[in-house]
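Tertiary structure, described
Each chain, written out:
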Amino acid sequence: MEQYFVYNQRLGIPLPKLEKDWEDYSEKEQNAILLRWETIRGTIPDRIAKLEKIINEKQDELGNENDFERSCQLNAEIAELASIINDLWIWYRMNQTVSGRMHQ
C-alpha cells in the first residue's frame, strides 16, 4: 500500500503518489488507497494544531524580541509554518471532493 504514498517532509504526512489514472486501478486497489488516505487525512487536524502551537510560541518570542535579524527570522519561520498549514488544509479539503467522486 505504501507504494501509493510518499512521505512529504515539509507537510509531515504521506501524500498520494498515483502513477496512473484512478479508473485504471482495480476496485480493490481503489478501496485500499482510499482507506489509507482516510487514515492519513484523519491526522491532518492534529498536525495543524501542533503547527499552530509552534506559531503561537514563535509569536510570543517575537513579541519580546529586540534583535531585528532575529525578528526577521521568526517572521519567516511563522510565514513558512502558516504556509504549511494552508497546504495541509488544501489536502484535507481536496480529499472530501475526490473521495466523493471516487465513491460514485
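As a reminder, the structure under discussion sits directly above these lines.
A few points on the structure.

Cut-off values and rules
- Residues numbered from 1 in each chain as written.
- Predicted model: local features only at pLDDT ≥ 70, side-chain atom pairs only at ≥ 80, totals over all residues.
- Heavy atoms only, no water.
- Helix = DSSP H or I, 4+ residues; strand = E, 2+ residues; numbered from the N terminus.
- Expected span 1.5 Å × (residues − 1).
- Buried < 20%, exposed > 50% of the residue type's maximum accessible area, 1.4 Å probe, protein only.
- Arc of directions from axis to C-beta.
- Phe/Tyr/Trp six-rings, centres within 6.5 Å; stacked < 30°, edge-to-face > 60°.
- Lys NZ or Arg CZ within 6 Å of the ring centre and 35° of its normal.
- Polar contact = N/O pair within 3.5 Å; in protein donor to acceptor, adjacent residues only side chain to side chain.
- Contact = heavy atoms within 4.5 Å.

Between its first and last C-alpha, helix α1 (residues 27-41) extends 20 Å over 15 residues, near the 21 Å set by a 1.5 Å rise per residue. Within α1 the residues assigned to the buried category are Gln-30, Ile-33, Leu-34, Trp-37, Ile-40 and Arg-41. On an axial view of α1, the arc spanned by its buried residues comes to 125°, and they lie on one face. In α1, the exposed positions angled more than 90 degrees off the buried face are occupied by Lys-28 and Leu-35.

Our next topic: helix α2 (residues 44-63). Note that an α-helix has 3.6 residues per turn; residues three or four places apart therefore point the same way. Spanning 20 residues, α2 covers 28 Å between terminal C-alpha atoms, matching the ideal 28 Å at 1.5 Å per step. Of all the residues in α2, the buried ones are Ile-44, Ile-48, Leu-51, Ile-55 and Lys-58. Mapping the buried residues of α2 onto a view down its axis gives an arc of 85°, with all of them on the same face. Exposed residues lying more than 90 degrees from the buried face of α2 are Asp-46, Lys-50, Lys-53, Asp-60 and Gly-63.

Let us look at the packing of aromatic side chains. Evaluation of the coordinates by the stated rule reveals five aromatic pairs. Here the aromatic rings of Tyr-4 and Tyr-25 are separated by 5.5 Å at their centres, their planes lie at 85°, and the arrangement is edge-to-face. With Tyr-4 in the segment before β1 (5-8) and Tyr-25 in the loop between β2 (13-16) and α1, this pair connects stretches of sequence that are 21 residues apart. Overall, the relative accessible area of 10% leaves Tyr-4 in the buried class. According to the relative accessible area criterion, Tyr-25 is buried, its value standing at 6%. Between Lys-20 and the ring centre of Tyr-25, over which it is positioned, the NZ or CZ distance is 4.7 Å. Here the guanidinium or amino end of Arg-36 rests over the ring plane of Phe-5, the centre of that ring lying 5.9 Å away.

Moving on to the side chain of Gln-30. In this structure, Gln-30 sits in helix α1. On the basis of relative accessibility, which here comes to 15%, the residue Gln-30 falls in the buried class. A distance of 2.8 Å separates a polar side-chain atom of Gln-30 from the backbone oxygen of Trp-22. Not counting residues up to four positions away in its chain, the partners in contact with Gln-30 are Trp-22, Glu-23 and Tyr-25.

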